[in-house]
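Given next are the chains, with one letter for each unit.
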Amino acid sequence: MKPIPSQSPLTPPDKQEKWKLAATLQKQFHNESLQNIALFPPVPESAAHDTALTDFSSQILEQATLAIIVVDDGDKVVMFNNAAEQLWGRDRDAVLGGGISSLMPPMKDGQSGRPPGHSTLEPLVGLNVELPIERPNHTRVWAEISVSCVKVPERTLHLIAARNVTLTKVHKTLRYQVLKAMAETDSLLEVMNQLCQEIKRIAPEISATIVRVDSDSRMHPLSAPDFPAEHARLLEGIELGAHTTSQAIAAYRGDSVLIRDIANDPGWIVGRQETLNLGYKSCWTVPIKGRDSRNIGVIAFYYRVCRSPNKLHAQLAEIAVSLCALAMERAASRARIHHLAFFDDLTDLPNRSLLHVQANQAIAQAARESQQLAVLFIDIDRFKQVNDSLGHPAGDTLLRVVAGRLREAIREVDILGRYSGDEFVIVLTQCDSVHATDLAGRLLAALSAPCRVGEVTLSPAASIGISLFPENGRDMETLIHQADMAMYQAKQKGRGCFSFFSGQLNQQAKERLTIEAALRQALSSNKLEIYYQPQVNIESHQLHGIEALLRWNDAAFGKIPPSRFIPLAEESGIIGSLSQWVLNEACRQLALWRQHGLQVPSVSVNLSPTDFHNLKLPQYLESILRSHGLSPGDLLVEITEGVLMDSNPSTMRTLHDIHALGVRLSIDDFGTGYSSLGYLRHLPVHELKLDQSFVRDLDRDRATRALTNAVMHIGDSMALTVIAEGVEHPTQRNLLKAQGYQIVQGFLFSPPLPPTALERWIDENLSFTQWE
């Protein structure tokens, strides 16, 4: 290539050169991505001297839909077609003869200089590149540019073919930058800031803001990088409406809103003057909709002149809205996943995992600041009865009621969580025993208020255990464990109360665990015993029956009374196995006596209320009786009055199935519970057992004698056998006999005896005449 003179005269391409340029352009179309932009017939090589075709080629260059620029070997623009005028926004006469550098952006570092004899376009020859074009009106567009070198006699021309790819470039750039931000951060605020800043870079005349709309139709600013923080606070919490701000109006209507003149718009009320003070005069707002078409946010373009959005702005908004929806819904999904992982779905309280995290943070702070802290372990009393009688939906309703009342009773600095089932935990920060006592009392009062659950009005009650930091422990696991033990003590005190943890409780808990393990071992190794106490007919002087009473004499703990190990068996869940062992052993012993000729009329066995929740209990009884060759009438099952009040639907069904089997039922400790006499009319019971507490005071208290007399009349009127327990003195026996009692049981006749001792007792007291 020959050197370019310092002052090259402007020489537009002649017809021959235009033909060659057109041929080059056509060849370029077939090889590059621009080939689908302009259509014209191929130019054959043999037509180089065809004048008509050469004129046609010249028209192609002028009228092509592609922007065509021809640059001579002095880097002067010698051709600038109609499409180029539109793309660059410049008049042809102002461009022709000028340097190409005024139309092209500066070269990258290392490419800006050019050796002598080389055009500044040389680095771009043969490439397809996307370059920004700055228009005289200060707007920017992006063009895809292809540069070709065409050698003609005496000189070299450069052909620039370009097309506007602004919309595609904006779409790709925005998507790339926002998706990149979403991949690098979980922060919705950072992603929204990145989007607003990218919009500003593409269209500097725009100041973008993004607002989120919550499920309560209130706005929460996410990003407004060109605005002061005070301006964002003006929008926080604003409810959607027709007369508030551009954002609120657009979200309210679900459609875009253009306010060309903020100063004179009657619908813009909130923050109008503040917006004008920042220099903004118009605003275009577009709603952001989720996949369910619900308005989840808005994006607003602010302008410093009164104007409408152009095509580029519309494209920016369209892309931004889709990206905002994607980012917001992703953030919402993450929030939902986080909520499911760390919050209880039923009560919306922190679950056990989050509770431990928050509590350990509070404990660490209390340790640093040498402060006290209290942990309250709350258990709803008799919650299982609500679930069993009213159904789990009713139980769920009660849990939500309790959670709401607990939430209202504590301070914002305190921590509340659902621990499991019907158990809640509260961590009281900066709290000593005095304040913990006060709050526990208020909690019990608040929880006991009646509430409507379905068709039933309930008065909830709870037991609360309290442990203190640092006295009772220095970590959450220990404090919860101690509070749990204190809660069990509160239940033993009568429920509906609270108790503080103490070292004695800890020792009791350890003993409880040890005894529980020993009980399991005794049950599995057949180390338990059954003693039998006779029931005597004081009229006929005959044996009426015997009651089987479980006894446990442990090698380490000695004799452990039933009042201690039976509740433990119920709490630990082994009561079912224990009851089955007693039933089987009592029936086995009765059958053995019968085989040895000892005529024992029947044996009665006490069962736990929870045993009657087992619908298979009747089948088990039938199986045991059959295996030992006994009839159903040989067994009597004793139940407490609490069983009659049990709302578990399985209880009544089990009782009736046992009755249908032929096994008799007896109400033990009658008169100490809260059962209605109306229950007796519908229950398949055969016997009432007067509680020994009445017998104990019989000879000293007139009211007691009146009660025992009433019980006897109830039994007579309903044709039920009535047995008096705890008869220890002849005076008691005589008073009971005078009231009509025939069957009695107590130490006056015999204490509970092991099987062999009972056999001797029967042999020695066959006629029972000495009891007269």
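Above this text is the structure in question.
Here the structure is a predicted model, which means the values were calculated and not measured.

(A) Spotlight on the sheet that holds strand β3 (residues 128-134). The five strands are arranged β2-β1-β5-β4-β3 in an open sheet whose pairing can be described as antiparallel. The two strands at the open ends of the sheet, each matched to only one other strand, are β2 (77-80) and β3. Across the sheet, the mean angle from the axis of one strand to that of its neighbour is 30 degrees, orientation sign disregarded. Of the strand pairs in this sheet, β3 and strand β4 (residues 140-152) are connected by seven bridges, and their pairing is antiparallel.

(B) Seen up close, the pairing of strand β11 (residues 373-380). Buried residues dominate β11, accounting for eight of its eight residues. Side chains Leu373, Val375, Phe377 and Asp379 of β11 all project onto a buried face; the interleaved residues Ala374, Leu376, Ile378 and Ile380 project onto the opposite face, where all are buried too. The pairing of β11 with strand β16 (residues 462-469) spans eight bridges and is antiparallel. Across the sheet, the residue bridging to valine 375 is serine 467, located in β16.

(C) Main features of the environment of glutamate 274. Considering the arrangement of structural elements, one finds glutamate 274 in helix α9 (residues 272-277). Along the chain, glutamate 274 and leucine 234 lie 40 residues apart, while their C-alpha atoms are 9.3 Å from each other. Residues in contact with glutamate 274, not counting those within four places in the same chain, are His231 and Leu234.

(D) Quick peek at the packing of aromatic side chains. With the rule as written, the count across this model stands at ten aromatic pairs. Residues tyrosine 280 and tyrosine 302 carry aromatic rings whose centres are separated by 5.5 Å and whose planes lie at 65 degrees to one another, so their mutual orientation is edge-to-face. A residue pair is termed long-range when its members are at least 10 positions apart, and tyrosine 280 in the loop between α9 and β9 (282-289) and tyrosine 302 in strand β10 (residues 295-303) qualify at 22 residues. Side by side, tyrosine 280 and tyrosine 302 carry an identical accessibility label, which is buried. Ring plane angle 70 degrees and centroid distance 5.6 Å describe the contact between phenylalanine 377 and tyrosine 419, whose orientation is recorded as edge-to-face. Linking phenylalanine 377 in strand β11 with tyrosine 419 in strand β12 (residues 415-420), this pair joins segments that are 42 residues apart in sequence. For the pair formed by phenylalanine 377 and tyrosine 419, the shared burial category is buried. Three or more aromatic residues link up through ring pairs in this structure, and these residues are Phe227, Trp268, Tyr280 and Tyr302. Over the ring of tryptophan 142 we find lysine 169; its NZ or CZ atom is 4.6 Å from the centre of that ring. Taking NZ or CZ as reference, arginine 304 lies 4.3 Å from the ring centre of tyrosine 280, over its face.

How each quantity is defined
- Residues numbered from 1 in each chain as written.
- Predicted model: local features only at pLDDT ≥ 70, side-chain atom pairs only at ≥ 80, totals over all residues.
- Heavy atoms only, no water.
- Pairing = 2+ DSSP bridges.
- Helix = DSSP H or I, 4+ residues; strand = E, 2+ residues; numbered from the N terminus.
- Axes fitted to C-alpha atoms, helices over the stretch in contact; angles between N-to-C directions.
- Buried < 20%, exposed > 50% of the residue type's maximum accessible area, 1.4 Å probe, protein only.
- Contact = heavy atoms within 4.5 Å.
- Phe/Tyr/Trp six-rings, centres within 6.5 Å; stacked < 30°, edge-to-face > 60°.
- Lys NZ or Arg CZ within 6 Å of the ring centre and 35° of its normal.

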